[in-house]
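Below, each chain spelled out in residue letters.
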Amino acid sequence: MVSLKYWEWEDAVLKEKLKAVSVKEIARAYFDNETQAYRFASALLLVKKRGALRLRECPEELPVATWKRYLDFGVQVGMLKHEDEVYSFTDRFTKPLKNFGEYVKVWVRTGNPNEDLGLTFALAKRGKEKKRGGKRPTSSP
């Protein structure tokens, strides 16, 4: 799933990348699928804007389960921590992924929290998906 590129390992290229940091590079390192990258980037931006995030504070743009899945993925890869029902940034992966870790740290400190993900992930599916099964809604008499 992780598709690290050459710049994560080359110092000279990293220095150029650090001049214009974006959540796009972070999300694309983990997801090749445009929709998944968009959702992960949305979750990271939400945590960045608020500093700390609870699931109930997530917008209704996506179901809570989807937000949880991507926030938990951030915890799994070491970018986020989840303590006392709050998600926030942490730094558990800098040593194993030196340059990528440095890129993420610079993005958290100086990156734009208002990046336009609609332009960055133009082909991503947005919003809730149609229900594909499950129980039929009961009609009220």
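Structure shown above.
As the structure is a prediction and not an experimental result, all values here were calculated from the model. (Residues numbered from 1 in each chain as written. Predicted model: local features only at pLDDT ≥ 70, side-chain atom pairs only at ≥ 80, totals over all residues. Heavy atoms only, no water.)

### Some points on unusual backbone geometry
Cut-off, in case you're wondering: A run of H or I in DSSP becomes a helix once it reaches four residues, and a run of E becomes a strand once it reaches two; helices and strands are each numbered from the N terminus. Burial status follows relative accessibility: with a 1.4 Å probe on protein chains alone, a residue under 20% of its type maximum counts as buried, one over 50% as exposed, and anything between as partly exposed.
The phi dihedral of Asp84 falls on the positive side, at around 55°, and the residue is not glycine. Its location among the elements puts Asp84 in the loop between strand S2 (80-83) and strand S3 (86-89). Its relative accessible area of 72% is what places Asp84 among the exposed residues. Positive phi is not limited to glycine here, since Glu85 has a value of about 65°.

### Side note on the nonpolar core
It is characteristic of soluble globular proteins that their nonpolar side chains tend to be buried jointly. Our working rule: Take the buried Ala, Val, Leu, Ile, Met, Phe, Trp, Tyr and Cys residues and link them wherever side-chain atoms come within 4.5 Å; each set so joined is a nonpolar core. For this analysis, residues touch if any pair of their heavy atoms sits within 4.5 Å.
Ranked by internal contacts, the top residues of the largest apolar core, which has 37 residues, are Ile26, Phe40 and Leu44. Residue assignment for this core shows that the elements contributing at least two residues are helix H2 (23-30), helix H3 (34-50), helix H4 (64-76), S3 and helix H5 (98-110). Ranked by residues supplied to this core, first place goes to H3 with nine residues. For Leu44, the contacting residues outside a window of four places in its chain are Val23, Ile26, Met79, Leu80, Phe89 and Trp107.

### What to know about H4
Which entries qualify depends on this criterion: Here the expected span of a helix is defined as 1.5 Å times the quantity of residues minus one. The directions from the helix axis to the C-beta atoms form the arc being described.
In this model H4 runs 18 Å from its N-terminal to its C-terminal C-alpha over 13 residues, within 8% of the 18 Å that 1.5 Å per residue would give. All of the buried residues along H4 are Thr66, Trp67, Tyr70, Leu71, Phe73 and Gly74. The arc enclosing the buried residues of H4, seen along the axis, measures out at 150°, which places them on a common side. Along H4, exposed side chains directed more than 90 degrees from the buried face belong to Ala65 and Gln76. Considering only its buried residues, H4 is in contact with H2, H3, strand S1 (52-53), S2 and S3. Looking at the residues trailing H4, positive phi occurs at Gly78, about 95°.

Distances and angles like these do not, on their own, reveal function.
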